[in-house]
Amino acid sequence: DFRLLVGQMTDYGPTGGWSSPAPVAGELKTEKGCLHYEYGTPMYMQGMIDQDTLAEIMDNCNEWLGNAAATLLKNHEWDFFISHEHTQDFLWHAVMTDMDSTDGATRTKAWDTVRKALQSNDRYVAKIVEAAGPDALVILVSAHGAVPDGPMFDPYLALEPAGLTVRKSS
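Just so we're clear, the structure is a prediction, and the values are computed from it rather than from any experiment. (Residues numbered from 1 in each chain as written. Predicted model: local features only at pLDDT ≥ 70, side-chain atom pairs only at ≥ 80, totals over all residues. Heavy atoms only, no water.)

**Q** Quick rundown of the overall build of the chain? Include the residues and the values.
**A** Per the secondary structure count, the chain includes five helices and two strands. Out of the 170 residues in the chain, the part that is buried amounts to 32%. Within the chain, counting contacts between residues at least 6 apart in sequence, those at least 24 apart form 66% of the total. In the structure as shown, the chain presents an accessible area of about 11,500 Å², 55% of it carried by carbon and sulfur atoms. (Helix = DSSP H or I, 4+ residues; strand = E, 2+ residues; numbered from the N terminus. Buried < 20%, exposed > 50% of the residue type's maximum accessible area, 1.4 Å probe, protein only. Contact = heavy atoms within 4.5 Å. Areas by Shrake-Rupley, 256 points an atom, 1.4 Å probe, with all protein chains shown as cover.)

**Q** Lay out the pattern of salt bridges in plain terms, naming residues and giving numbers.
**A** Per the counting criterion, the structure on display carries six salt bridges. Ionic pairing is found between E160 and R167, a salt bridge with its closest N-O pair at 2.8 Å. Taking the relative accessible area as the measure of exposure, E160 reaches 34% and is therefore partly exposed. (Salt bridge = Lys/Arg side-chain N within 4 Å of Asp/Glu carboxyl O.)

**Q** Tell me what's going on with the nonpolar core, and back it up with residues and numbers.
**A** By size, the foremost hydrophobic cluster in this structure holds 30 residues, and its most contacted members are Y44, L91 and V95. Breaking this core down by element, the ones donating at least two residues are α1 (41-45), α2 (51-75), α3 (87-99) and α4 (104-132). A total of ten residues in this core trace back to one element, the largest contributor, which is α2. Ignoring anything within four residues of it in the chain, the contact list for L91 reads L54, M58, M96, T113, V114 and A117. (Core = buried A, V, L, I, M, F, W, Y, C linked by side-chain atoms within 4.5 Å.)

**Q** So what's going on with the packing of α2 against α4? Residues and values would help.
**A** As a packed pair, α2 and α4 sit with axes 8 Å apart at the nearest point and diverge in direction by 10°. With respect to α4, the axis of α2 lies roughly parallel. Here the contact of α2 with α4 is built from residues that sort into twelve nonpolar, seven polar and eight charged. (Axes fitted to C-alpha atoms, helices over the stretch in contact; angles between N-to-C directions. Parallel < 35°, antiparallel > 145°, perpendicular 65-115°, else oblique. Nonpolar A, V, L, I, M, F, W, Y, C, P; charged D, E, K, R; others polar.)

**Q** Talk me through α4; I want residue IDs and the actual numbers.
**A** Helix length check: α4 (29 residues) gives 42 Å between terminal C-alpha atoms against 42 Å at 1.5 Å per residue, within 8%. Of all the positions in α4, only A110, T113, V114, A117, S120, N121, Y124, I128, A131 and A132 are classed as buried. Its buried side turned inward, α4 meets α2 and α3. One or two steps after α4, the chain reaches G133, where phi turns positive at roughly 95°. (Expected span 1.5 Å × (residues − 1).)

**Q** Which residues make up the side chain of E85, and what are the values?
**A** Its location among the elements puts E85 in the loop between α2 and α3. For the buried E85, no salt bridge is present, and the opposite-charge side chain at shortest range is R123, 11 Å distant. A polar contact is formed between the side chain of E85 and the side chain of T87, at a distance of 2.6 Å. A polar atom in the side chain of E85 sits 2.9 Å from the side chain of N121. The contacts of E85, once residues within four sequence positions are left out, are Y39, N62, L65, N121 and Y124. (Lys, Arg positive; Asp, Glu negative; His and termini not counted. Polar contact = N/O pair within 3.5 Å; in protein donor to acceptor, adjacent residues only side chain to side chain.)

**Q** For a nonpolar patch on the surface, give the residues involved together with the corresponding values.
**A** A surface patch of nonpolar side chains, amounting to about 410 Å² of accessible area, comprises F2, L4 and V6. For V6, a relative accessible area of 62% gives the class exposed. (Patch = residues over 30% accessible without salt bridge, like charges linked within 9 Å, V, L, I, M, F, W, Y side chains within 5 Å.)

**Q** Any chance you could break down the packing of α2 against α3 for me, citing the residues and the numbers?
**A** Between α2 and α3, the shortest axis-to-axis distance is 11 Å and the interhelical angle comes to 170°. Between α2 and α3, the angle falls in the class roughly antiparallel. Mapping the contact onto sequence places Q51, L54, M58 and N62 in α2 and T87, F90, L91, V95 and D98 in α3. For the contact of α2 with α3, the per-class residue count stands at five nonpolar, three polar and one charged.

**Q** Can you lay out the environment of N121 for me, pointing to particular residues and giving the numbers?
**A** Position of N121 among the secondary structure elements: in helix α4. Sequence spacing of N121 and H86 is 35 residues, and the spatial spacing of their C-alpha atoms is 9.6 Å. If we skip the residues at most four places from it in the chain, N121 touches N62, E85, T87 and Q88. In this structure the side chain of N121 is engaged in a polar contact, spanning 2.5 Å, whose partner is the side chain of Q88.

So, to be careful, I would describe these as geometric facts and stop short of saying anything about function.
Have a look at this one:
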């Protein structure tokens, strides 16, 4: 079997127009790593990819972000640097129900996926710590806990048949 995944990759390259100052975007090209919309979580929650692929996509995102952060830290003067990484938030929402499953195989697979993501986060943080240098104070902050999201829900599937909404074509 062969399955080709073309995810919702975002190429933050020199034509991005998203950085300040603008030329910085051109420095953030890497040979490996890319960003996917919400780290691939919507594709997983819609059944388009499995947990192994989700972990791989999250690692690609962390690799890109870690390389970008290291490039900025090494090539520019800085007094204060903030980097935001979101894999754990997305992942916990996606697999938390499976982590608490009564089925041992399902539970084991979910915890393995979380372990892979945490290892990826460790590599991401290590790149930043190394690039920041021995005199930098590094502070890690967690935003919040997570609860299981369950399957993705399209409200139009319930609202349209009940006559509670009408979509307009553009």
